[in-house]
Amino acid sequence: MGRLMSPGDAAQFNIQIGNKLTHNVQPILHQIRHALEQLLDDHKTTTIDLRSIPLAPEEESTILDILGQGEVHARLNALGPSEIIETGCAGVWLVTHFNESSHTVSRFIEVTEMPDILKSQHRDIFNGLQMLNHKLETLAT
Amino acid sequence: MKDSSQKETGCKGNAPRGETLGDALRRQGVSRRSFMKYCATAVSMMALPPSMIPLVAEALEKARRPSVIWLSFQECTGCVESLTRAHTGTIESLIFDAVSLDYQHTLQAAAGHQAEAAREAAMEENYGNYLLVVDGSIPLGNPGYSTIAGISNLDMLNDVAKGAAAIIAVGTCSTYGGIPHAKPNPTGAVSVNDIITDKPIVNVPGCPPIPVVITGVLTHFLTFGVLPELDHLGRPVAFYGQSIHDRCYRRPFYDKGLFAESFDDEGAKKGWCLFKLGCKGPTTYNACATTKWNDGTSFPIEAGHPCIGCSEPDFWDGGGFYRALSMPTENIAKTAVYTAAGAAAAGVAMGALNRAKKKAVSKAHIKITIDDLET
């Protein structure tokens, strides 16, 4: 299975505790499994903050290797880039936010049909409508 | 609402008074999606569960831009440098840009009486609601040691603290007295905590503190209207809850007893533990090992230098930056013996350290070295 991030990226991510194994890989994978069942049964979404769980770099890579790479790979540009990747397990997404210097500031696993951050936000849609109206008015004059 | 002449005296005077944080961000062209990204990062930064992201977003959206008065006393301006230079234009600076910084005599354009007028106006308009940020220690020896516009630091602190909703002491000088407090403490320097006892105070120590910790505390206050959970030294647990040692990537070498003995030996080249070179990581609580410095590039231990323990009280009088903790140095050694015993017991939480225990250990001071632990 392909890696979702390079070793360099993994090294940048600041949750490492040396190379000491924390044995948190399986618990996280089980949490994801339960979350997928909840999504199917109750449409309940789950977000796991990878920064809040101690993981050695190799353990994070192991989790991502096991989940694999899916069909969607999106990149946002909002206060710096963000990367939204659907893993090989449909419904399991890896969301990584970077700052404007391209350093990782947060990383989440989201179990959902589509991460909210990908959707157009209502307020932005409203602003877009206003901008379009203004441009049409300008064209008309 | 300030008039135009007043607007030019404050640091952020061009922002409308009373606007919400959401209004301020929109005025700066920050999209809702960017705001949601900020909220997700803020929740992670504050060690809150991700389910809080929508609630944090809602609270931040409606939060009124707080007036912030920043007083600098006996300090080197390193704390301000840390905050303003580290993350220019990045996601971490978003919240700091969105507060109304009404007085900071290094950053504001106004000087002298004009600057003091801006401070007094901000105090009057926001009495009981503004945030007071303090960097630098306060000299009690002689009021003339440090004054601003002819006002002693002590008088200014007492005056401004009266109307503050909360106080954030930034940097080791304002939290514990810092370097001015180091022996023989010629100015009689003390911390904010030593003077103000009737206001909520959060300590953000470090020489300087990590910028994201400062913005994290501001974010927490904006979101929940209260200060974050604090440890026994008044520090936010989310950032100071674990020792440098516990999160250090060199920790496995410590556990295996592999130490650099000098700065140019094989151990140093191989990146072994710097404990014997004086690293204060085991007794220092801060987020350097995880948050890191210079846009997340590295932290002192990663650059090959031992932690000097700058976020702990009296770090300057600890007996030497390059003396190992197990050696009988002054204050630090008292901590070290306890810490070493804790490490030997494998799993004993270092968070159990507190001042009372340090004193007890000090009385029964028994020198324990790394060699003792390895045998």
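Residues numbered from 1 in each chain as written. Chains lettered and ligands numbered in written order. Predicted model: local features only at pLDDT ≥ 70, side-chain atom pairs only at ≥ 80, totals over all residues. Heavy atoms only, no water.

Moving on to the pattern of salt bridges. Here the structure, examined in full by the defined rule, presents 17 salt bridges over all chains. B:E58 is the partner of B:K62 in a salt bridge, and the nearest nitrogen-oxygen pair spans 3.3 Å. Residue B:K62 and its partner B:E58 are both found in helix 4 (residues 53–62); the two are separated by four residues, about one turn of the helix. The class of B:K62 is exposed, set by a relative accessible area of 55%. Note on B:E58: relative accessible area 43%, which makes it partly exposed. B:E266 serves as the salt-bridge partner of B:K269, at 4.0 Å between the closest nitrogen and oxygen. Taken together, the positions of B:K269 and B:E266, both in helix 16 (residues 266–269) and three residues apart, correspond to about one turn of that helix. Looking at B:K269, the relative accessible area reads 63%, which means it is exposed. By relative accessible area, B:E266 is classed as partly exposed at 48%. Taken together, the shared-partner salt bridges in this structure form one network comprising A:R123, B:D23, B:R26, B:R32 and B:E61. (Salt bridge = Lys/Arg side-chain N within 4 Å of Asp/Glu carboxyl O. Helix = DSSP H or I, 4+ residues; strand = E, 2+ residues; numbered from the N terminus. Buried < 20%, exposed > 50% of the residue type's maximum accessible area, 1.4 Å probe, protein only.)

For the rest of this paragraph, the subject is a negative patch on the surface. Residue and element names in this part refer to chain B. Judged by side-chain charge, E120, E124, D155 and D159 come together as a negatively charged surface patch. Elements represented by at least two residues in the negative patch include exactly helix 7 (112–125) and helix 8 (153–162). Overall, the relative accessible area of 67% leaves E124 in the exposed class. (Patch = residues over 30% accessible without salt bridge, like charges linked within 9 Å, V, L, I, M, F, W, Y side chains within 5 Å. Areas by Shrake-Rupley, 256 points an atom, 1.4 Å probe, with all protein chains shown as cover. Lys, Arg positive; Asp, Glu negative; His and termini not counted. Charge placed at Lys NZ, Arg CZ, Asp CG, Glu CD.)

With that settled, the discussion passes to unusual backbone geometry. All names here are of chain B. With an omega dihedral of 10 degrees, the bond running from K183 to P184 counts as a cis peptide bond. Relative to the assigned elements, P184 resides in the loop between helix 10 (178–181) and strand 8 (189–190). The residue after C207, namely P208, is reached through a cis peptide bond having omega 0 degrees. Along the chain, P208 falls in the loop between strand 9 (201–204) and helix 12 (211–224). Phi is positive for N185, which is not a glycine, with a value near 50 degrees. The residue N185 is located in the loop between helix 10 and strand 8 in this model.

With that settled, consider the confidence of the model for chain A. Confidence in the prediction for chain A averages 83 pLDDT; 82% of positions are at 70 or higher. Mean pLDDT per element in chain A: helix 1 (residues 7–12) of chain A is the minimum at 38, and strand 3 (residues 81–87) of chain A is the maximum at 96. (pLDDT = per-residue confidence, 0-100.)

Before going further, it helps to spend a moment on the sheet that holds strand 3 of chain A. On the basis of which strands lie adjacent, the open sheet formed by five strands has the order 1-5-4-3-2 (chain A) and antiparallel pairing. Here the strands that pair on one side only, and so sit at the sheet edges, are strand 1 (46–49) and strand 2 (69–77) of chain A. Averaged over all neighbouring strand pairs, the angle between strand axes comes to 20 degrees, with direction disregarded. Two strands pair when backbone bridges link them, and strand 3 of chain A and strand 4 (residues 92–98) of chain A are joined in this way by five bridges, in the antiparallel orientation. Bridging from a neighbouring strand, A:I85 pairs with A:L94 of strand 4 of chain A. The strands touched by helix 3 (residues 32–45) of chain B within the sheet are strand 1, strand 2, strand 3, strand 4 and strand 5 (104–111) of chain A, with strand 5 of chain A carrying the most contacts at an inclination of about 95 degrees. (Pairing = 2+ DSSP bridges. Axes fitted to C-alpha atoms, helices over the stretch in contact; angles between N-to-C directions. Contact = heavy atoms within 4.5 Å.)

Residues and elements named next belong to chain B. Two elements in contact, helix 4 and helix 12, have axes separated by 8 Å at closest approach and are oriented at 85 degrees. By the angle between their axes, helix 4 is roughly perpendicular relative to helix 12. When helix 4 is examined against helix 12, the residues V56, A59 and L60 are found in contact with a partner set consisting of T219, L222, T223 and F224. (Parallel < 35°, antiparallel > 145°, perpendicular 65-115°, else oblique.)

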